[in-house]
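Okay, here's what each chain looks like letter by letter:
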Amino acid sequence: MSFNPFNEKPDKVSSFENWKQLTPRPYDKNAADPYTKVRIILMNGTEFEAQWFLHNMARHVTNEELRREIAVVRRVEQQQQKKIMNLKPKDESVLEHTIGYEQLAVDLTALMAQNEPDEYIRKSLDFALLEDFDHLYRYADLLEMDMGIRAERLVGKYTEIMPGRPTIAEHRFPTDDIKRRMDAKKASPLSKLHAMIITAAEQQTMNYYMNQGAFYELSDIGRKLYTEIAMIEEQHVSLYESLMDSSTTWLECMLMHEYAECYLYYSMLGDECDEEVKKIWEYNLKQEIAHLHYAVRLLRKYENKEWQQVIPDGTFPEPISFSSMSEKNKAYIRKVLRNTVTQTASGDSWTEVSKLPDNAEFFRYNRRVNGNVAAVASHKVIDRYIMEAGEDYRFQECEHPVKDLRCRCEDNVDIGRVKNPEKAECPSPKTSKSGCRGKGKLEKN
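Below is a summary of the structure that appears in this document. Owing to the predicted nature of the structure, the values given are computational and were not obtained by experimental measurement.

1. Side note on the overall build of the protein
Logical step 1: On a plain count of helices and strands, the protein comes out with 12 helices and 4 strands.
Logical step 2: Here the C-alpha radius of gyration of the protein, 22 Å, is about what a compact globule of 445 residues would show, namely 22 Å.
Logical step 3: Dimensions of the protein, computed from C-alpha atoms along their principal axes, come out at roughly 70 × 50 × 40 Å.
Logical step 4: Taken over 445 residues, the protein has a buried fraction of 59%.
Logical step 5: If you sum the accessible surface of the protein, you get close to 19600 Å²; carbon and sulfur atoms cover 50% of it.
Logical step 6: Charge separation in the protein, taken as the distance between the mean sites of 63 positive and 72 negative side-chain charges, equals 1 Å.

Next up, the structure:
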């Protein structure tokens, strides 16, 4: 059924809540559906982006009345973020929560890529998808090694866990992460929504790792892994935000932000299986519809524009649904892995690492940042796990689609990073359904 939030009757904008309302009962980390956790992380990041955008807007507009008007909306967005944040239980560790962050990054990106009408934006999504996929794998090995928890239980087996483009290969010169911006007047509404949503999601992940990584207490290598992956998340934010049309005005952007929030809450409401969380999505959707109509009024008042000049058709595209896309996502990720794992970014495009000139900035930057490969955290986590267990930790339903990533007793640090890597045979030729199996001290069930 089609839904257009511009046709809805809005509630009062300043619908503030009290402390009791802002502290709902947290979910049970052992019983909650993994996608409920994913939705909560997504909407927490969306609300952070909404209020942070309005803070930046307040710092760049000179009209005092406008600054006061957006402060009202910003305060409600802050309250929404606090309520969503409080759904997380205190007994869920930083690392357990991190698995949810990476599952969100993987499944949301794959879901969007499959529906993205613009080929260039789809390629942007595909590229970062393989990197977040690899992050999930490395955090999952850390989780099993440091806490004895198998990440397949946390992701509900909705998402496979195995190597993507190795994190060590993801460190690129900054300019290679800046892509061509879209033309907002010509771009599909869905493309504009995708760019805004994925930027907010990746920004939330970057902020979480920036702030929480230093609190990781279980191992020094874990702290270092957060440092390394937080740098890649900054690269992803740079990539995705560069896709957005920076020529749009502050009030046009505000309208798009509110429209994106409405779309997301509408999507989460239809996809949610937890009845208590569903009530929050429903309430917040009503608030965001009020914010959207408020943004329409501000756009008309200060720029003499109608909302149709920014969003020609307000009818929502197909809602986001994690629950219906799990199997399709698995197949899609395997296809992207098979076809693009050896690529890197080059200027505003992508290319095979083997085709880069020897003096490319990618090689110089990657060597400078990584230094001694053996000491790089993302590699060291896997290397140490293999030393203890004989093979890495994975959850894969059939063998890896990339032959060079099937070996489970040696971490591949060359694929996607070295121009002409040597082809090495797996040290342990014995194979099973999931790939090679080493002879370690620990038997993993």
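That was the structure; now back to the text.
2. Concerning the packing of aromatic side chains
Logical step 1: By the definition in use, this model includes 23 aromatic pairs.
Logical step 2: When the centroid spacing of 5.9 Å and the interplanar angle of 45° are considered together, the rings of Y265 and W281 count as tilted. Taken together, the residues Y265 in helix α8 (residues 250-271) and W281 in helix α9 (residues 275-303) connect sequence positions 16 residues apart. With respect to burial, Y265 and W281 carry one shared label: buried.
Logical step 3: Between the aromatic rings of Y266 and F316, the centroid separation amounts to 5.4 Å while the plane-to-plane angle is 45°, which identifies the pairing as tilted. Of the two residues, Y266 is situated in helix α8 and F316 in the loop between α9 and α10 (326-340); the sequence distance between them amounts to 50 residues.
Logical step 4: Joined through ring pairs, the aromatic side chains of F3, F6, Y259, Y263, Y266, W307 and F316 make up one cluster.
Logical step 5: Its end group placed over the ring of Y120, R180 keeps NZ or CZ at 3.9 Å from the ring centre.

3. Considerations on the pairing of strand β2 (residues 349-352)
Logical step 1: Inspection of the sheet shows strand β1 (residues 343-346) paired to β2 by 4 bridges, in the antiparallel sense. Bridge assignment links T344 to a residue of β2, and that residue is T351.
Logical step 2: Hairpin connection from β1 to β2: 2 residues lie between these consecutive antiparallel strands, with G347 at a positive phi of about 60°.

4. So, the side chain of D132
Logical step 1: Here D132 is to be found in helix α4 (residues 119-147).
Logical step 2: In contact with D132, other than residues within four places in its own chain, are E102, A105, V106, E202, E233 and H236.

5. A look at the packing of helix α7 (residues 220-243) against helix α12 (residues 377-389)
Logical step 1: It is at 8 Å that the axes of α7 and α12 come closest, and there the two elements cross at 140°. For the element pair α7 / α12, the angle class is oblique. Once α7 is placed against α12, the crossing between them reads as left-handed. Residue-level inspection shows I221, K224, L225 and E228 of α7 in contact with α12, the latter providing A377, S378, K380, V381 and R384.
Logical step 2: Of the residues in the contact of α7 with α12, the class split is 4 nonpolar, 1 polar and 4 charged.

Parameters and conventions
Residues numbered from 1 in each chain as written. Predicted model: local features only at pLDDT ≥ 70, side-chain atom pairs only at ≥ 80, totals over all residues. Heavy atoms only, no water. Helix = DSSP H or I, 4+ residues; strand = E, 2+ residues; numbered from the N terminus. Rg over C-alpha atoms; globule rule 2.2 N^0.38 Å. Buried < 20%, exposed > 50% of the residue type's maximum accessible area, 1.4 Å probe, protein only. Areas by Shrake-Rupley, 256 points an atom, 1.4 Å probe, with all protein chains shown as cover. Lys, Arg positive; Asp, Glu negative; His and termini not counted. Charge placed at Lys NZ, Arg CZ, Asp CG, Glu CD. Phe/Tyr/Trp six-rings, centres within 6.5 Å; stacked < 30°, edge-to-face > 60°. Lys NZ or Arg CZ within 6 Å of the ring centre and 35° of its normal. Pairing = 2+ DSSP bridges. Contact = heavy atoms within 4.5 Å. Axes fitted to C-alpha atoms, helices over the stretch in contact; angles between N-to-C directions. Parallel < 35°, antiparallel > 145°, perpendicular 65-115°, else oblique. Left-handed = near helix turned anticlockwise from the far one by under 90°. Nonpolar A, V, L, I, M, F, W, Y, C, P; charged D, E, K, R; others polar.

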